[in-house]
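# Structural overview for review
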Amino acid sequence: MSTPPPPVPLAPGVAARLGAALPPRYVARRLAGTAVLLLVLSAAVFALLQLAPGDPARTLLGARGATPEALAEVRARHHLDQPVLVQYGHWLGDLLRLDLGTSIRTGESVGSALGDRALLTCQLVGLGFATALLLGLPLGVLAAFRERRPTDRAVQGLGVVTLSTPAFASGLALIYVCALMLGWFPAYGAGEGGLDRLRHLVLPAVTLGLAVMAVLLKLTRAAVVRELARDHVTFARARGVGPRTVLFRYVLRGAAVPVTAGAALVLAYLLAGTVMVETVFALPGLGPLLVDSITFRDLPVVQAVALAVATLVCLANLAADLAQPLLDPRLRTPAPTPKAAR
């Protein structure tokens, strides 16, 4: 009988490839750095209450009667009669238990006040980010391949116009044209969920995406122009390799890293720009809640919203850091070489 052929080794799975691109030590360092940054940001957010003018107990008590008994109760409940570090420790412990405190203005839990509003804001930011990517990346590539030509100048001019136009102006223009004149989309409100929610978020998402589209356009154009000037790309084009192959196999792979890093910064800018857009389109998101809370000095809500936005920005930067070694093998940490046996 003939011996069976040796088994063919299986190709490494997805988990193995991810482990090679993202070693556990590298991921642990990035997670630890993000945790430290969040800890620092939590201390800065906690300082909002300490830096508020006046007595923190009177601030937390709000418009209610500031009797000595009420002030003593508020100080005991929030540990205001203890040192600042002890107060921060109690506040951080409540935060880790997802206890964000109570709203001064409404008396309800801050977590309940943030619930649906945070979901709506995240949906708006996600759609706005997708709009910026769908517009900025192709236009940046087009401008790079037509460098110093009329197409390049026209695309860059469009980017300057969108970047310099305030969000409220572009939002009002879209409402007038697409909602009032053409009747394609609703002019305001968040809808009832599902497809109705999507229809209500189209115009705000386009407004938000146009505000940052030019940033991605500029980053993509600069990265692609730099890659087109590299020797291996020039050699491939001289050999007659098709433009599509050059674009996807050589240029975009090298340009992905700086564009990814810039996209994380764009996402952070989108989170800050939702305040104006949600106000223009009457969306009950975190933006109007933050404005009302600052107006009425509702510091627990202000602290919670600031910490939520800071957390989302840190997570976006963490995702960009972890994605870069996956996109460019040159950024991967080399495996340690085993020591020679003595």
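Residues numbered from 1 in each chain as written. Predicted model: local features only at pLDDT ≥ 70, side-chain atom pairs only at ≥ 80, totals over all residues. Heavy atoms only, no water.

### Looking at the overall build of the protein chain
Each helix and strand in the protein chain was counted, giving 13 helices and 0 strands. What you see in the protein chain, going N to C, is helices and strands ordered as α-α-α-α-α-α-α-α-α-α-α-α-α. Across the 342 residues in the protein chain, those meeting the buried criterion constitute 37%. Counting only contacts in the protein chain whose residues sit at least 6 apart along the sequence, the fraction spanning at least 24 positions is 74%. Accessible surface for the protein chain amounts to roughly 19,900 Å². Of this, 67% is attributable to carbon and sulfur atoms. (Helix = DSSP H or I, 4+ residues; strand = E, 2+ residues; numbered from the N terminus. Buried < 20%, exposed > 50% of the residue type's maximum accessible area, 1.4 Å probe, protein only. Contact = heavy atoms within 4.5 Å. Areas by Shrake-Rupley, 256 points an atom, 1.4 Å probe, with all protein chains shown as cover.)

### Some words on the packing of helix α6 (residues 110-145) against helix α9 (residues 195-228)
At a minimum axis separation of 4 Å, α6 and α9 run at an interaxial angle of 35°. Judged by the sense of rotation from one axis to the other, the crossing of α6 with α9 is right-handed. Split into classes, the residues belonging to the contact of α6 with α9 amount to 27 nonpolar, 7 polar and 2 charged. (Axes fitted to C-alpha atoms, helices over the stretch in contact; angles between N-to-C directions. Left-handed = near helix turned anticlockwise from the far one by under 90°. Nonpolar A, V, L, I, M, F, W, Y, C, P; charged D, E, K, R; others polar.)

### With respect to the nonpolar core
Core analysis: the largest hydrophobic core is formed by 25 residues, its most contacted members being L124, L203, V266, L270, V277, F281 and L283. Looking at this core, the elements that each hand over two or more residues are α6, α8 (167-181), α9 and α11 (243-280). Looking at this core, the element that brings in the most residues is α9, giving 6 residues. In contact with V266, not counting residues within four places along its chain, are F129, V212, V215 and L216. (Core = buried A, V, L, I, M, F, W, Y, C linked by side-chain atoms within 4.5 Å.)

### Brief notes about the packing of aromatic side chains
A full pass over the atoms with the stated rule returns 3 aromatic pairs. Centroid distance F46 to W91: 5.6 Å. Interplanar angle 45°. Geometry classified as tilted. With F46 in helix α2 (residues 24-51) and W91 in helix α5 (residues 84-96), this pair connects stretches of sequence that are 45 residues apart. The exposure classification of F46 matches that of W91, with both residues buried. Of the aromatic side chains, those joined through ring pairs into one cluster are F46, Y88 and W91. (Phe/Tyr/Trp six-rings, centres within 6.5 Å; stacked < 30°, edge-to-face > 60°.)

### Observations concerning the pattern of salt bridges
Here the structure, examined in full by the defined rule, presents 3 salt bridges. A salt bridge links D94 to R97; the nearest nitrogen and oxygen atoms lie 2.3 Å apart. Using a relative accessible area of 23% as the deciding quantity, one classes D94 as partly exposed. For R97, a relative accessible area of 59% puts it in the exposed group. (Salt bridge = Lys/Arg side-chain N within 4 Å of Asp/Glu carboxyl O.)

### As for the UniProt feature "transmembrane region" (unreviewed entry) in the protein chain
Here the UniProt-annotated "transmembrane region" (unreviewed entry) positions come out as residues 31-52, 124-145, 157-182, 202-220, 254-281 and 301-320. Between the end C-alpha atoms of residues 301-320 there is a gap of 29 Å, over a span that is 100% helix and 0% strand. (UniProt positions renumbered as here; feature names shortened; annotations may be inferred.)

### Digging into α11
In this model, α11 (38 residues) spans only 43 Å end to end at C-alpha, well below the 56 Å of a helix rising 1.5 Å per residue. Of all the bends in α11, the greatest measures close to 50° and is centred on L252. (Expected span 1.5 Å × (residues − 1). Bend = angle between axes of the 7 residues up to and from the residue.)

### Describing unusual backbone geometry
The phi angle at R148 is positive, at roughly 65°, despite the residue not being glycine. Take R148: its relative accessible area is 68%, and that puts it in the exposed class. The backbone of A282 sits at a positive phi, close to 55°, despite the residue not being glycine. By the element assignment, A282 lies in the loop between α11 and α12 (286-295).

### So, the side chain of S170
Residue position: S170 is located in helix α8. Side-chain polar atoms of S170 contact the backbone oxygen of A167, separated by 3.1 Å. Excluding anything up to four places from it in sequence, S170 contacts T165 and T207. (Polar contact = N/O pair within 3.5 Å; in protein donor to acceptor, adjacent residues only side chain to side chain.)

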